[in-house]
2 protein chains.
Amino acid sequence: MSTDTETAPGPEAGIDPDALRDAEDRISPLWLERLRAYLDAGRADDVAAVMEPLHAADAGDVLESLDAEERLALVRMLGDRFDYSALTEVDESVRVELMDELPNADIARGVTGLDSDDAVAILEDLEQEDRDEVLSQLPTFERLSLKRSLDFPEESAGRRMQTDFIAIPPFWTVGQTIDYLRTEPDLPDEFYQIYVVDAAYQVLGTIPLDKFLRAKRATSIESLMNTNLVLVDANEDQEEAARDFERYDLVEVGVVDESKRLVGVLTIDDIVDVIHEEADEDIKLLAGVGDEDISDTTVDTVRSRVPWLVVNLVTAVAVSFVIGLFDGTIEQMVSLAVLMPIVASMGGNAGTQTMTVTVRALAMRELDGRRLRRLITREMVVGLANGVIFAVLIGLVTWLRFADPQLGVVIGLAMVINLIVAGTAGILIPITLDKLKADPAIASAVFVTTITDTIGFFAFLGIAGLWFGLF
Amino acid sequence: MSTDTETAPGPEAGIDPDALRDAEDRISPLWLERLRAYLDAGRADDVAAVMEPLHAADAGDVLESLDAEERLALVRMLGDRFDYSALTEVDESVRVELMDELPNADIARGVTGLDSDDAVAILEDLEQEDRDEVLSQLPTFERLSLKRSLDFPEESAGRRMQTDFIAIPPFWTVGQTIDYLRTEPDLPDEFYQIYVVDAAYQVLGTIPLDKFLRAKRATSIESLMNTNLVLVDANEDQEEAARDFERYDLVEVGVVDESKRLVGVLTIDDIVDVIHEEADEDIKLLAGVGDEDISDTTVDTVRSRVPWLVVNLVTAVAVSFVIGLFDGTIEQMVSLAVLMPIVASMGGNAGTQTMTVTVRALAMRELDGRRLRRLITREMVVGLANGVIFAVLIGLVTWLRFADPQLGVVIGLAMVINLIVAGTAGILIPITLDKLKADPAIASAVFVTTITDTIGFFAFLGIAGLWFGLF
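As annotated in an unreviewed UniProt entry, chain A carries the name Magnesium transporter MgtE and is attributed to Devosia yakushimensis. Check the Function (unreviewed entry) section of the UniProt entry for chain A; it says "Acts as a magnesium transporter."

(A) Representation of the packing of helix α15 (residues 268-286) of chain B against helix α21 (residues 440-467) of chain B in the model. All names here are of chain B. The interhelical angle for the contact between α15 and α21, taken along N-to-C directions, is 25°, at an axis separation of 7 Å. Between α15 and α21, the angle falls in the class roughly parallel. Here α15 runs over α21; the crossing is right-handed. Counting all contacts with α15, which are made through Asp282, Leu285 and Leu286, the residues of α21 involved are Ala441, Ile442 and Ala445.

(B) Expanded view of the relation of the copies chain B and chain A. In the superposition of chain B on chain A (RMSD 0.1 Å, axial shift 0.0 Å), the rotation amounts to 180°. The transformation just described matches what one would write down for a two-fold rotation axis. Residue by residue, 100% of the interface of chain B is reproduced at the interface of chain A, so both copies engage with the same surface.

(C) Quick peek at the sheet that holds strand β1 (residues 167-168) of chain A. Residue and element names in this part refer to chain A. Strand order in the open sheet formed by three strands is β1-β2-β3, and the pairing between neighbours is mixed. The open sheet is flanked by β1 and β3 (203-208), the only strands paired with a single partner. Relative to β3, strand β2 (residues 193-197) is paired through five bridges, and the arrangement is antiparallel. For Ile194, the partnering residue across the bridge sits in β3 and is Ile207.

(D) Quick look at the environment of Ala86 of chain B. All names here are of chain B. Relative to the helices and strands, Ala86 is located in the loop between α4 (68-78) and α5 (92-101). Given a relative accessible area of 1%, Ala86 falls into the buried group. For the pair Ala86 and Ala56, spaced 30 residues apart in sequence, the C-alpha separation works out to 4.4 Å. Once residues lying within four places of it in the same chain are set aside, the contact partners of Ala86 are Ala56, Ala59, Gly60 and Leu63.

(E) Structural detail: the packing of helix α18 (residues 335-363) of chain B against helix α19 (residues 369-402) of chain B. Residue and element names in this part refer to chain B. Where α18 contacts α19, the axes come no closer than 12 Å and their chain directions differ by 155°. Taken together, the axes of α18 and α19 are roughly antiparallel relative to one another. Crossing hand, α18 versus α19: right-handed. Taking contact as the criterion, the partners of Ser335, Val338, Leu339, Ile342, Met346, Thr354 and Val357 in α18 are, on α19, Arg378, Glu379, Phe390, Ile394, Thr398, Arg401 and Phe402. Looking at the contact of α18 with α19 residue by residue, the class counts come to eight nonpolar, three polar and three charged.

(F) Local environment of the interface of chain B and chain A. Taken together, the 122 residues of chain B in the interface contact 122 residues of chain A. In terms of surface lost to chain A, no three residues of chain B exceed Leu213, Arg214 and Ile294 of chain B, which account for 8% of the buried area on that side. In this structure, the connection of chain B to chain A is made through 14 salt bridges. Across the pair Asp434 of chain A and Arg26 of chain B runs a salt bridge whose closest N-O atoms are separated by 3.5 Å. Taken together, the links from chain B to chain A amount to 38 residue pairs in polar contact (both at pLDDT 80 or more). For the side of chain B that touches chain A, the element with the highest residue contribution is α18 of chain B, accounting for 17 residues. Looking at the side of chain B that touches chain A, its residues break down into 58 nonpolar, 18 polar and 46 charged.

(G) Just the UniProt feature "domain: CBS" (unreviewed entry) in chain A, in detail. UniProt records the feature "domain: CBS" (unreviewed entry) for residues 225-281 of chain A in the present numbering. With 44% helix and 25% strand, residues 225-281 of chain A has end C-alpha atoms that lie 38 Å from one another.

(H) Main features of the UniProt feature "transmembrane region" (unreviewed entry) in chain A. Mapped onto this structure's residue numbering, the UniProt feature "transmembrane region" (unreviewed entry) falls at residues 306-326, 380-400, 406-429 and 441-468 of chain A. Between the end C-alpha atoms of residues 380-400 of chain A there is a gap of 30 Å, over a span that is 100% helix and 0% strand.

(I) A look at the packing of aromatic side chains. Counted by the stated rule, this structure contains 13 aromatic pairs over all chains. Seen in terms of ring centroids, Tyr192 of chain A and Tyr192 of chain B are 6.4 Å apart; in terms of plane orientation they differ by 85°. Their pairing is edge-to-face. With Tyr192 of chain A in the loop between α11 (174-183) and β2 and Tyr192 of chain B in the loop between α11 (174-183) and β2 (193-197), this pair bridges two chains. The pair formed by Tyr192 of chain A and Tyr192 of chain B is uniform in burial state, with each residue classed as buried.

(J) A look at a nonpolar patch on the surface. Judged by side-chain polarity, Leu384, Val388, Val392, Leu396 and Trp399 of chain A come together as a nonpolar surface patch covering roughly 450 Å² of accessible area. Inspection of the secondary structure assignment puts Val388 of chain A in helix α19 (residues 369-402).

(K) A look at unusual backbone geometry. Despite not being glycine, Glu155 of chain A has its phi angle at roughly 60°, a positive value. Note that Glu155 of chain A resides in the loop between α9 (140-151) and α10 (157-160). Phi is positive for Lys437 of chain B, close to 65°, though the residue is something other than glycine. Along the chain, Lys437 of chain B turns up in the loop between α20 (405-435) and α21. Under the relative-accessibility criterion, Lys437 of chain B is labelled exposed at 65%.

(L) Geometry of the pairing of β2 of chain B. Residue and element names in this part refer to chain B. Of all five residues that make up β2, five are buried, and the element is covered over most of its length. The pairing of strand β1 (residues 167-168) with β2 spans two bridges and is classified as parallel. Residue pairing for β2: Ala167 is matched across the bridge by Tyr195. In this region the chain leaves β1, passes through α11 and returns to the parallel neighbour β2; the handedness of that crossover is right-handed.

(M) Here's a closer look at the nonpolar core. By size, the foremost hydrophobic cluster in this structure holds 82 residues, and its most contacted members are Phe460 of chain A together with Phe460 of chain B. Dropping the residues within four chain positions of it, Phe460 of chain B is found in contact with Leu336, Leu339, Met340, Val343, Val410, Ile411, Ala414 and Ile455 of chain B.

(N) Summary view of the domain arrangement of chain A. Under the domain assignment, chain A is made up of domain 1 (17-155), domain 2 (167-286) and domain 3 (298-467). Taking only C-alpha atoms into account, the centre of domain 1 of chain A sits 47 Å from that of domain 3 of chain A.

(O) Local environment of the side chain of Asp296 of chain B. Here Asp296 of chain B is to be found in the loop between α15 and α16 (298-324). A distance of 3.3 Å separates a polar atom in the side chain of Asp296 of chain B from a polar atom in the side chain of Ser93 of chain B. Excluding residues that lie within four positions of it along the chain, Asp296 of chain B makes contacts with Arg378 of chain A together with Ser93, Asp291 and Thr301 of chain B.

(P) Region of interest: the sheet that holds strand β5 (residues 252-256) of chain B. Residues and elements named next belong to chain B. Read from one edge of the open sheet, three strands run β4-β5-β6, paired in mixed fashion. At either margin of the open sheet sits one strand with a lone partner, and together these are β4 (231-233) and β6 (262-267). Across the sheet, the mean angle separating the axes of adjacent strands is 35° when strand polarity is ignored. Of the strand pairs in this sheet, β4 and β5 are connected by three bridges, and their pairing is parallel. For Asp233, the partnering residue across the bridge sits in β5 and is Val256. Contacts from helix α14 (residues 238-248) reach β4, β5 and β6 within the one sheet, and its direction differs from that of β6 by about 60°.

(Q) Representation of helix α2 (residues 44-51) of chain B. With six of its eight residues buried, α2 of chain B lies for the most part within the structure. Taken together, the buried positions of α2 of chain B are occupied by Ala44, Asp46, Val47, Ala48, Val50 and Met51 of chain B.

(R) Seen up close, the pattern of salt bridges. All names here are of chain A. For the structure shown, the criterion picks out 52 salt bridges over all chains. Salt-bridge contacts for Glu292 lead to Arg305; the nearest nitrogen and oxygen are separated by 2.7 Å. Here Glu292 is found in the loop between α15 (268-286) and α16 (298-324), whereas its partner Arg305 is found in helix α16, with 13 residues between them in sequence. When sorted by exposure, Glu292 lands in the same class as Arg305, which is buried.

(S) Region of the structure containing helix α1 (residues 29-40) of chain A. Residues and elements named next belong to chain A. End to end, α1 covers 16 Å across twelve residues, agreeing with the expected 16 Å (1.5 Å per residue, within 8%). Looking at α1, one finds that the buried residues are Trp31, Leu32, Leu35, Arg36, Tyr38 and Leu39. Angularly, the buried residues of α1 cover 160° about the axis, an arc narrow enough to put them on a single face. Residues of α1 that are exposed and point more than 90 degrees away from the buried face comprise Pro29, Leu30 and Asp40.

Calculation criteria
- Residues numbered from 1 in each chain as written.
- Chains lettered and ligands numbered in written order.
- Predicted model: local features only at pLDDT ≥ 70, side-chain atom pairs only at ≥ 80, totals over all residues.
- Heavy atoms only, no water.
- UniProt positions renumbered as here; feature names shortened; annotations may be inferred.
- Axes fitted to C-alpha atoms, helices over the stretch in contact; angles between N-to-C directions.
- Helix = DSSP H or I, 4+ residues; strand = E, 2+ residues; numbered from the N terminus.
- Parallel < 35°, antiparallel > 145°, perpendicular 65-115°, else oblique.
- Left-handed = near helix turned anticlockwise from the far one by under 90°.
- Contact = heavy atoms within 4.5 Å.
- Least-squares fit on C-alpha atoms with pLDDT ≥ 70 in both.
- Pairing = 2+ DSSP bridges.
- Buried < 20%, exposed > 50% of the residue type's maximum accessible area, 1.4 Å probe, protein only.
- Nonpolar A, V, L, I, M, F, W, Y, C, P; charged D, E, K, R; others polar.
- Buried area = accessible area lost by both parts, 1.4 Å probe.
- Salt bridge = Lys/Arg side-chain N within 4 Å of Asp/Glu carboxyl O.
- Polar contact = N/O pair within 3.5 Å; in protein donor to acceptor, adjacent residues only side chain to side chain.
- Phe/Tyr/Trp six-rings, centres within 6.5 Å; stacked < 30°, edge-to-face > 60°.
- Patch = residues over 30% accessible without salt bridge, like charges linked within 9 Å, V, L, I, M, F, W, Y side chains within 5 Å.
- Areas by Shrake-Rupley, 256 points an atom, 1.4 Å probe, with all protein chains shown as cover.
- Right-handed = clockwise from strand over helix to strand, strands pointing away.
- Core = buried A, V, L, I, M, F, W, Y, C linked by side-chain atoms within 4.5 Å.
- Domains from an automatic or database assignment.
- Expected span 1.5 Å × (residues − 1).
- Arc of directions from axis to C-beta.

Structure below.
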């Protein structure tokens, strides 16, 4: 833990802060090697010197680039000089792993003085017991405000909110407010609007800073405030709050509790994270991967993926029973076995295309009655059009390959049927799940491909059996 | 076009603005019916009365809920009372369709006075000829600033930026600046920071409004400004700019041209749209749907999807040739044809899982050298683990179903091989595409499923042929 000034790197070896990231925008390997050398040598002051100037987001990226033991060594070595807000910028699995190793007293010191939303983001991952212990070691005011945030449901606006904000009475003037802002030491780090509240802390209006700045000192707050309020309920899901932000181009919004009291604010930086998470969630659910990060362990990854693969195994076995119905047919004409996956695969792809568009439109709340009817019609027509196009293509290919025009007609017919079914299933399945209040991203893919596989094999083998009299 | 005050709806028929959206957060059918009634009756003043109070985002949603002819009728009926910023909130296809029908003179009047970023968003979709005609009808200053934005590449920071901003010299004081803000009428509608520039308009520093508000009048701007600058190059891709916003929790950033002159600002509301678009693009590319909206016509939809389906047809036919190699084997043992899609389907799903996680990690720039190696190892181990789990499951199912333990062993072996291949292909394919500077979201899915299908069929039929001596 000694720092030897004699062997400290000179300016030529000094780490250029510009070189934190390489040309690809990833943390530079060179920068990391330096950091590792300091860590290995136990040179705490040097580690502090390179870590402290970093923005929390960059520090978080550095932590993620380190191994688990290196991360822990770094946090321990820096002690009180470690900025815990970096922990809000790492994957959940990295955070949980670190917190498990750190004493609760360190965590309590680390979260003291953080923005309340950052502190909550760190504490919400702790086990109940550890969380209570950490909370009990915090100053009273902080403890109470964090406890209140933690009492709101996970992924709610109340969990995400920042509990520091600027609230003033309507009878003040702009001048009084400016004087208050200039003298009051205990203000939020960043704010974009001022809240005008009554004695019960109910919001009467808001004033964006740019409007406020342009008002004369004598102007009354009441005359300046915007009363066309957008407020978010603390129990509301963060995704709904995000939709308000996006729709109305908000930068900050007040969060109110059941009795309409202002309890906190949500700012756009939190919402950007939510937007990202929700889009990410949709992508991953569509692919049958749960809430998974690249930092997850192998065991966690297997555990999260197996359920989806089990579902797929069950449906694949079910589909194989459909093929089993036609084993006699296949035995008489083995080229059917060679061709059958083509029809199924095209249906699966076309169905996935339609389903993806539908799932996204549902997520964006773009489908009202008329547009829904229009979309269903469009997708069925698209299915028919694609069906005809690909029936002709595969029909010709099959005719040439097997020198059998009749086999070409059979596979063409099966293709038309399956692509119409694919379009219809691709839109109706997510919509039905949505109506049943299930997340349409979750299970749509499995249902759609099961249907297109089943219909694909059944139509092709069935038509072939009838056409060639093989039953 | 007459407005008859006698038949105007009374307060009980008045449209409650709270009822614009239904419980599902979609535009309320009741509200739309009212609007349609006004449109059909040609009651322009009533249409204006319900449309004018709407936020541009809500007006955009209303436009999207109308049919194409109704939309055009509404815009024509409102004339100069129509707020063109609503057009920035609709799908591109809706916007283009409308602009095609409207005279250029109307468009020129409509975009005059809009924020420059909104005007650019509307003009960039016009044909070159129409665009020039509209520009020629704009006031000189607006024309020049829009032309400059339009000269930057599509999807660049320069295209997205707003060209109004507040720039002051470093030798001013806070008091002078406030006086300037209070008296200058021509300021941007909304701003979050003040730019300090030299005579050549090069940025010396920035001051966020909250910091500015809390400074005393006599404070010099130079002493107050933040010189740790984050600036965006106007030619930079909007996606890169979005990454800066996300990483550093920015709300506004200055945009500079080649000579480092401040030419505009990007604000978080534009960036939120970018984040959304980019995530949406990834989802759609993974599913083989291009840049498609639910408002696209049937013909456009078919045109955008056919190329992907053609690629899939080619790979599906190629895969069927692999099956064709084993037609003799299948002929001797038709249960192989019944079982073979199970191995391929499990491989396709497992590969898609890995691929999706990799594509997202690449999009977030999360994969540096070490983490990449760690992820590759993890995915291969996960593939092996899943392979063993599902080999046992499908082996038992097959044994029971066909009363043939040997067939169970064969399908189990094929499953292990295919799931390891799936994990490896799922990670290596997107990474290779990324290294080749291609978007890994585009073609990964096709490559991965082609490989898992090929290996799935080949391993199962090949092992079966060897095991049972069917060659």
